[in-house]
Amino acid sequence: MPPPRTRGTALRHRLAELRGPDVPAKALDARALAALAANPGCARRAILDGAGVNKAALASALGSPSAFGQSQFALTRGNAFEAKVKADGGAELLRLVHEKLDRSAEPPAEARVPDLTATGPQGRTARTALELREAAAHPGAWTLLDHPMLALDVAGSPAFLEPDAVVVHPDGSWTVVEIKSFPLLDGSADPAKVGAAARQAAVYVLALEEVAARLDPSPRVRHRILLVCPRDFSNLPAASAVDIRKQRAVTARQLTRLTRIEDIAEALPEGTCFSPELPADELTAAVESVPATYAPECLSACELAFHCRARSRETGAVTSLGRPVRAELGGLTTVEDVLAAARGEAGDPADPAVAALRRAAALRAEALEAACR
Ligand code: SF4
């Protein structure tokens, strides 16, 4: 008789069914994990990511391909900028870390830059952990880990993550460095891009904290990361310290929710499958069977954004107008409900949202009447 399945095995089996027969699981990377924090309440995204579904392939099969991905030119320019920032043993990068985050420490005249090459992601993760332990054993020095590899446990499987750099300060604390190719203009950058970089860095911080927890004493993982960007469209690096405590807390909470994808999977109809090989109508029904919370922020964070936006508009959901509007409207969830409440045809007049809508409608009518006189 076969041995009884453990909960973990049963869940893995169920997730493989959802992904589709012979469809390989797409490993979660820092960008995917960071995007979870951009829309914490979306069950659709949680189950698709948890099951390792390739959302870009799914979006194409649904007829709403995602617009993600950098051009070859942008990739080449980004790589050239990163190489410049890390030239001369990372001298400029370490100078920026010292200037923005640790002015009380000795300036980094020289630093250890260990070789992190190893075979496979597991080998590279072990090598990184070894070098971090080595740096912890030699306080007083600066150490630069160039493209270390970290592992984060996500729903029982390791996600391998590769930050641009991690710096070990002389006091033994660790800082994540993110190098991006969008410009810092007069010391500030596009808030949406900085937010995305902060969410990504928060994932690295969580992974580093797992490494730190295995050391005794545990080194401090700093919650202010260094964001390095080109200054004012030049190729010269400029840096800014970014506090990622909020993003770290949201991502940590999301990862805990991911471990409960079992509940979402159980609520799905028997036979649900997200394989891109399926006909578009079957696939649409499968995707629609999982509740989603579309918001305009999805456009920069999730491959399914065009599909979910179209569905949200079709149903007249107020979520497509943005989270602040949705929050203001309370229990009114569709544009139709909102208009009916404003016209006085529905809604409780004691509800502040309904009262505000009626007042706005009355003011609009008055203004139109005055304009026609
Ligand atoms: S695009 Fe759709 S699946 Fe992705 S996070 Fe937004 S609502 Fe969820």
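Residues numbered from 1 in each chain as written. Predicted model: local features only at pLDDT ≥ 70, side-chain atom pairs only at ≥ 80, totals over all residues. Heavy atoms only, no water.

Novice: Where do I start with the sheet that holds strand 1 (residues 111-112) in this structure?
Specialist: Pairing between sheet strands relies on hydrogen bonds along the backbone, with the strands arranged either parallel or antiparallel. The 6 strands are arranged 1-2-5-6-7-8 in an open sheet whose pairing can be described as mixed. Every other strand in the sheet has two partners, leaving strand 1 and strand 8 (237-243) as the edge strands with one partner each. Relative to strand 5 (residues 165-168), strand 2 (residues 142-146) runs antiparallel, the two being bridged by 4 bridges. Of the residues in strand 5, the one forming a bridge with Thr 143 is Val 168. Running over the sheet, helix 5 (residues 72-85) touches strand 6 (174-179), strand 7 (224-230) and strand 8 and is turned about 115° from strand 7. Strands strand 5, strand 6, strand 7 and strand 8 of the sheet are contacted by helix 8 (residues 191-213), whose axis makes an angle of about 145° with strand 6. (Pairing = 2+ DSSP bridges. Helix = DSSP H or I, 4+ residues; strand = E, 2+ residues; numbered from the N terminus. Contact = heavy atoms within 4.5 Å. Axes fitted to C-alpha atoms, helices over the stretch in contact; angles between N-to-C directions.)

Novice: Teacher, can you tell me more about the pattern of salt bridges here?
Specialist: Oppositely charged side chains can pair when the atoms bearing their charge come close. The full count for this structure, using the stated rule, is 22 salt bridges. With a closest N to O distance of 3.4 Å, Asp 171 and Arg 222 form a salt bridge. Separated by 51 residues along the polypeptide, Asp 171 in the loop between strand 5 and strand 6 and Arg 222 in the loop between helix 8 and strand 7 bring together distant segments of the chain. Between Arg 311 and Glu 288 there is a salt bridge, with its nearest N and O atoms 4.0 Å apart. Of this pair, Arg 311 sits in helix 12 (residues 305-314) while Glu 288 sits in helix 11 (residues 280-288), and the two are 23 residues apart along the sequence. Ionic contacts of the salt-bridge type, sharing partners, join the residues Arg 44, Glu 288, Arg 311 and Glu 314 into one network. (Salt bridge = Lys/Arg side-chain N within 4 Å of Asp/Glu carboxyl O.)

Novice: How do you make sense of the domain arrangement of the protein when you look at a structure like this?
Specialist: Often the size quoted for an interface is simply the accessible area lost on bringing the parts together. Each assigned domain of the protein is listed here: domain 1 (7-68 + 261-296 + 303-314), domain 2 (72-254) and domain 3 (329-372). Spacing between the C-alpha centres of domain 1 and domain 3 amounts to 36 Å. (Domains from an automatic or database assignment.)

Novice: Help me out: how do you make sense of a nonpolar patch on the surface in this one?
Specialist: Judged by side-chain polarity, Leu 321, Val 325, Val 335 and Leu 339 come together as a nonpolar surface patch covering roughly 300 Å² of accessible area. Considering the arrangement of structural elements, one finds Leu 321 in the loop between helix 12 and helix 13 (323-328). (Patch = residues over 30% accessible without salt bridge, like charges linked within 9 Å, V, L, I, M, F, W, Y side chains within 5 Å. Areas by Shrake-Rupley, 256 points an atom, 1.4 Å probe, with all protein chains shown as cover.)

Novice: Looking at this structure, I do not really get the packing of helix 5 against helix 6 (residues 87-101). What am I missing?
Specialist: Packed helix pairs are characterised by how far apart their axes lie and by the angle those axes make with each other. Two elements in contact, helix 5 and helix 6, have axes whose closest approach is 6 Å; the angle formed by their N-to-C orientations is 85°. Taken together, helix 5 and helix 6 sit at an angle that is classed as roughly perpendicular. The residues of helix 6 that touch helix 5, namely those facing Ala 83, Lys 84 and Val 85, are Ala 87, Gly 90, Glu 92 and Leu 93. Its residues placed into classes, the contact of helix 5 with helix 6 shows 4 nonpolar, 1 polar and 2 charged. (Parallel < 35°, antiparallel > 145°, perpendicular 65-115°, else oblique. Nonpolar A, V, L, I, M, F, W, Y, C, P; charged D, E, K, R; others polar.)

Novice: Whenever I open this one, unusual backbone geometry confuses me. Can you help?
Specialist: Negative phi characterises most residues that are not glycine, and trans characterises most peptide bonds. For the peptide bond that leads from Asp 216 to Pro 217, omega is 0°, which places it in the cis range. For Pro 217, the location among the structural elements is in the loop between helix 8 and strand 7. With phi around 65°, Asp 22 is a residue other than glycine that occupies positive phi space. Of note, Asp 22 is situated in the loop between helix 1 (7-19) and helix 2 (30-38). Even without being a glycine, Asp 88 presents a positive backbone phi close to 55°. Relative to the helices and strands, Asp 88 resides in helix 6. Here Asp 88 falls in the exposed class, since its relative accessible area comes to 73%. (Buried < 20%, exposed > 50% of the residue type's maximum accessible area, 1.4 Å probe, protein only.)

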